[in-house]
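# Structural characterization, general
One-letter residues, chain by chain:
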Amino acid sequence: DAGVIQSPRHEVTEMGQEVTLRCKPISGHNSLFWYRQTMMRGLELLIYFNNNVPIDDSGMPEDRFSAKMPNASFSTLKIQPSEPRDSAVYFCASRPTGFSTDTQYFGPGTRLTVL
Amino acid sequence: ILNVEQSPQSLHVQEGDSTNFTCSFPSSNFYALHWYRWETAKSPEALFVMTLNGDEKKKGRISATLNTKEGYSYLYIKGSQPEDSATYLCALRSGSARQLTFGSGTQLTVLP
């Protein structure tokens, strides 16, 4: 298996632009998580989906952030409009089906820089 | 909001030294404690999942123990090697929540 795939790996954009980050979970995994990693706050959960349904989005910073999972093999995290303080590494992780198997498998991350 | 704390924040050791660090968490509603290894420019990789009080897991030179009653876990590395240099994250799964709450990590540097 290719593991969790994220694209792009690096994104540099200007303040005010829309940014879309993409994630393909491991096939057969039914839970998907979006995290943001910064020096100040460490690894923080933004939102997670179970069977394509958003379960907890309390970590989403504000209305500029939105996430979708239209099917089991694809999710997007969108920031519109982007701001310099959104600069961070964004990780996607997926987890296999089964209540006891809650190990998460992380993608390589997208490093976002907003100028 | 769950408070998962790791100490120390960073650690430098000489090659060959053994080392350990701590993860503290609320003991109520405990479900599972995870350890991840995160190398620079890579993504976190799972090391251990522990669920039972007194659990001890081992993978090569790395081992971990769990005390759910007092709310802590230790990660031990025996005979550290430069390739062990990474950030070690612990993460708590609590109660009926299906997500993990991560600590801020311990950054280990093993000097040759």
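Residues numbered from 1 in each chain as written. Chains lettered and ligands numbered in written order. Predicted model: local features only at pLDDT ≥ 70, side-chain atom pairs only at ≥ 80, totals over all residues. Heavy atoms only, no water.

Before going further, it helps to spend a moment on the overall build of chain B. For chain B, the helix and strand inventory stands at zero helices and 11 strands. Secondary structure elements of chain B occur, N-terminal to C-terminal, as β-β-β-β-β-β-β-β-β-β-β. Rg of the C-alpha trace for chain B: 13 Å, near the compact-globule value of 13 Å for 112 residues, within the 12% margin. With the C-alpha coordinates aligned to their principal axes, the bounding extent of chain B is approximately 45 × 30 × 20 Å. Among the 112 residues that make up chain B, the fraction classed as buried is 48%. At a minimum sequence separation of 6, the contacts of chain B that also span at least 24 residues come to 54%. If you sum the accessible surface of chain B, you get close to 5,500 Å²; carbon and sulfur atoms cover 46% of it. For chain B, the separation between the mean place of its 10 positive charges and that of its 10 negative charges on side chains is 8 Å. (Helix = DSSP H or I, 4+ residues; strand = E, 2+ residues; numbered from the N terminus. Rg over C-alpha atoms; globule rule 2.2 N^0.38 Å. Buried < 20%, exposed > 50% of the residue type's maximum accessible area, 1.4 Å probe, protein only. Contact = heavy atoms within 4.5 Å. Areas by Shrake-Rupley, 256 points an atom, 1.4 Å probe, with all protein chains shown as cover. Lys, Arg positive; Asp, Glu negative; His and termini not counted. Charge placed at Lys NZ, Arg CZ, Asp CG, Glu CD.)

Another aspect to go through is the layout of surface pockets. Estimated volume of the largest pocket: approximately 1,400 Å³. Lining the largest pocket are 47 residues, with Gln37, Thr38, Gly42 and Leu43 of chain A together with Trp38 of chain B positioned closest to its centre. Looking at the lining of the largest pocket, the elements that each hand over two or more residues are β4 (29-38), β5 (42-50), β9 (88-96) and β11 (110-114) of chain A together with β9 (86-94), β10 (101-102) and β11 (106-111) of chain B. Looking at side-chain class alone, the lining of the largest pocket contains 18 nonpolar, 22 polar and seven charged residues. (1 Å grid on protein atoms, 1.4 Å probe; cavity = no way out; pocket = protein on both sides within 12 Å on 5 of 7 lines; lining within 4 Å. Points joined across faces, edges and corners; volume = space filled by probe spheres on them. Nonpolar A, V, L, I, M, F, W, Y, C, P; charged D, E, K, R; others polar.)

A word on the sheet that holds strand β6 (residues 56-59) of chain B. Residues and elements named next belong to chain B. Strand order in the open sheet made by the five strands is β1-β3-β8-β7-β6, with antiparallel pairing throughout. Edge positions in the open sheet fall to β1 (5-7) and β6, since each of these has one partner strand only. Adjacent strand axes in the sheet meet at a mean angle of 15 degrees, parallel and antiparallel pairs treated alike. Bridging between strand β7 (residues 62-67) and strand β8 (residues 72-77) involves six bridges; their strand directions are antiparallel. Residue pairing in the sheet places Asn67 in a bridge with Tyr72 of β8. (Pairing = 2+ DSSP bridges. Axes fitted to C-alpha atoms, helices over the stretch in contact; angles between N-to-C directions.)

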